[in-house]
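Observations on the three-dimensional arrangement
Residues per chain are reported as follows:
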Amino acid sequence: MAPNTYKTIVLAKRPKDNVIPGETFKLISDNAAPSADSLKDGEVLFQPNYLSIDPAMRGWLNDTRSYIPPVHIDEVMRGQAVGVVLGSKDSKFPKGSYAQGTVGWTELKVCKGKELEKIELPRGARLTDALSVLGMTGLTAYFGITDVGKVKAGDFVVVSGAAGATGSVVGQIAKLKGATVLGIAGSDEKCSWLKEELGFDGTLNYKDKEFGKKFRAATKNLIDVYFDNVGGEILDMALSRAKPHARFVMCGGTLDGLCILTITLTSSQASASITRLSRRGRRTT
Ligand SMILES: NC(=O)c1ccc[n+]([C@@H]2O[C@H](COP(=O)([O-])OP(=O)(O)OC[C@H]3O[C@@H](n4cnc5c(N)ncnc54)[C@H](OP(=O)(O)O)[C@@H]3O)[C@@H](O)[C@H]2O)c1
């Protein structure tokens, strides 16, 4: 029997800094469940199975000017999900088919068909791949490193946030294009995974006390492409190691002031102009 109620998670209070468990979000357990029989033409009853939790979400909690409006207090938290169609009055989404959309943190939603996208997975792929390598972060990685970064065989590519959803795919695509790839991550375990399972040529743990020294040694021949997921000090260090006409892909930075992580360009701004590097932005979220 279909449940009478379903759960949602709403924004209860804007955090000043980190999200505070039990304070920032509130669970609403007793929403009245819609029935498939009450759907109007063009509507779909959608059940999210997996949610994507992304860094951009932290920015959506701030009531400031951004590329999309903030999530409002008492509004269901915004987020992408993949799931199954439980009922449908849109022929594009038959009952039982899989779809994805920015439906938020909810167990059920009556959507307009146009809010959803059909999921057609290649053989061997899992449903969750539609939220990662075949979804937003995979597309960001692909277009970031190929279209913006113009990666080519022989390039030396450095990726920050390399063990994250975007960085891990960036490094693998760069390898497929014939580049040599150095990944920067925050633990030895993540570094081993990048090298042993994903085929990165080298890795550095930015929490290592000797990171600065090791970074300078690893980049002594200078960087062709830097894929930035982080900003801050590591970006600064990379700028000081940029080859003339290096391509810096500002994915998790603040090229246009829209992303959540801060870039602090200090002394290295000078070297950026000296080396005539190019920076281009692209937003996938
Ligand atoms: N432009 C676009 O359209 C677009 C699309 C997707 C993502 N993004 C941005 O790209 C970035 C990465 O997204 P994602 O989905 O790949 O995120 P993710 O899977 O959460 O990975 C982020 C990585 O950043 C690293 N990190 C966190 N704090 C750090 C710090 N202080 N110093 C160095 N590294 C740090 C973490 O690695 P460790 O645990 O190893 O520290 C983590 O693996 C985010 O800023 C996101 O907003 C932009």
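These numbers come from a predicted model, not from an experiment. (Residues numbered from 1 in each chain as written. Predicted model: local features only at pLDDT ≥ 70, side-chain atom pairs only at ≥ 80, totals over all residues. Heavy atoms only, no water.)

Overview of the pairing of strand 11 (residues 223-228)
Of all 6 residues in strand 11, 6 are buried; the element is thus mostly enclosed. Relative to strand 12 (residues 242-250), strand 11 is paired through 5 bridges, and the arrangement is parallel. By the bridge assignment for strand 12, Phe-227 is matched with Val-249. Running through helix 6 (residues 232-239), the crossover from strand 11 to the neighbouring parallel element strand 12 is right-handed. (Buried < 20%, exposed > 50% of the residue type's maximum accessible area, 1.4 Å probe, protein only. Helix = DSSP H or I, 4+ residues; strand = E, 2+ residues; numbered from the N terminus. Pairing = 2+ DSSP bridges. Right-handed = clockwise from strand over helix to strand, strands pointing away.)

Details of the packing of helix 5 (residues 211-218) against helix 6
Running from N to C, helix 5 and helix 6 cross one another at 35°; their axes reach a closest spacing of 11 Å. Regarding helix 5 and helix 6, the two cross each other, and that crossing is right-handed. Residues Phe-211, Gly-212 and Phe-215 of helix 5 lie in contact with helix 6, whose contacting residues are Ile-234, Met-237 and Ala-238. Among the residues forming the contact of helix 5 with helix 6, the class breakdown is 5 nonpolar, 1 polar and no charged. (Axes fitted to C-alpha atoms, helices over the stretch in contact; angles between N-to-C directions. Left-handed = near helix turned anticlockwise from the far one by under 90°. Contact = heavy atoms within 4.5 Å. Nonpolar A, V, L, I, M, F, W, Y, C, P; charged D, E, K, R; others polar.)

Remarks on the nonpolar core
Ile-145, Val-157, Val-159, Ala-174 and Val-181 are the most contacted members of the largest nonpolar core, which has 21 residues in total. In terms of residue count, the dominant contributor to this core is helix 3 (residues 165-176) (4 residues). Beyond its immediate chain neighbours, meaning those up to four positions away, Ala-174 contacts Ile-145, Val-151, Val-157, Ala-179 and Val-181. Counting residues in hydrophobic clusters, the runner-up holds 18 residues, among them Leu-204, Ile-223, Tyr-226 and Ala-246. (Core = buried A, V, L, I, M, F, W, Y, C linked by side-chain atoms within 4.5 Å.)

Considering the sheet that holds strand 5 (residues 98-101)
Spatial ordering of the open sheet is given by 6-3-4-5-7, a layout of 5 strands whose pairing is antiparallel. Since the sheet does not close on itself, it has two edges, and those belong to strand 6 (109-112) and strand 7 (116-118), each with one partner. Across the sheet, the axes of successive neighbouring strands diverge by a mean angle of 45°, strand direction being ignored. Sheet topology places strand 3 (residues 43-51) next to strand 4 (residues 81-88); 7 bridges connect them, and they run antiparallel. Residue pairing for strand 4: Leu-51 is matched across the bridge by Ala-81.

Some remarks on the packing of helix 2 (residues 136-148) against helix 3
How two helices sit against one another is set out by the angle between their axes and by the gap between those axes. As a packed pair, helix 2 and helix 3 sit with axes 8 Å apart at the nearest point and diverge in direction by 45°. Judged on the interaxial angle alone, helix 3 and helix 2 are oblique. Crossing handedness for the pair helix 2 and helix 3: right-handed. Here helix 2 contributes Thr-137, Gly-138, Thr-140, Ala-141, Tyr-142, Ile-145 and Thr-146 to the contact with helix 3, which in turn contributes Ala-165, Thr-166, Val-169, Val-170, Ile-173 and Ala-174. Partitioned by chemical class, the residues of the contact of helix 2 with helix 3 number 8 nonpolar, 5 polar and no charged. (Parallel < 35°, antiparallel > 145°, perpendicular 65-115°, else oblique.)

Here we look at the packing of aromatic side chains
For the coordinates displayed, the defined rule picks out 4 aromatic pairs. With centroids separated by 4.9 Å and ring planes inclined at 50°, the aromatic side chains of Phe-25 and Trp-105 adopt a geometry described as tilted. Of this pair, Phe-25 sits in strand 2 (residues 25-32) while Trp-105 sits in the loop between strand 5 and strand 6, and the two are 80 residues apart along the sequence. Plain terms: the ring middles of Tyr-226 and Phe-248 are 5.2 Å apart, the flat faces sit at 40° to each other, and that makes the pair tilted. Here the residue Tyr-226 occupies a position in strand 11, and Phe-248 occupies one in strand 12, the gap between them amounting to 22 residues. (Phe/Tyr/Trp six-rings, centres within 6.5 Å; stacked < 30°, edge-to-face > 60°.)

Some points on a nonpolar patch on the surface
A contiguous nonpolar surface patch, about 230 Å² in accessible area, is contributed by Leu-121, Val-133 and Leu-134. Structurally, the position occupied by Leu-134 is in the loop between strand 7 and helix 2. (Patch = residues over 30% accessible without salt bridge, like charges linked within 9 Å, V, L, I, M, F, W, Y side chains within 5 Å. Areas by Shrake-Rupley, 256 points an atom, 1.4 Å probe, with all protein chains shown as cover. Salt bridge = Lys/Arg side-chain N within 4 Å of Asp/Glu carboxyl O.)

A look at the side chain of Thr-24
Topologically, Thr-24 is positioned in the loop between strand 1 (5-11) and strand 2. Among the residues examined, Thr-24 registers a relative accessible area of 1% and is labelled buried. Setting aside residues up to four positions removed in sequence, Thr-24 forms contacts with Val-10, Leu-11, Ala-12, Lys-13, Pro-15, Val-19 and Leu-61.

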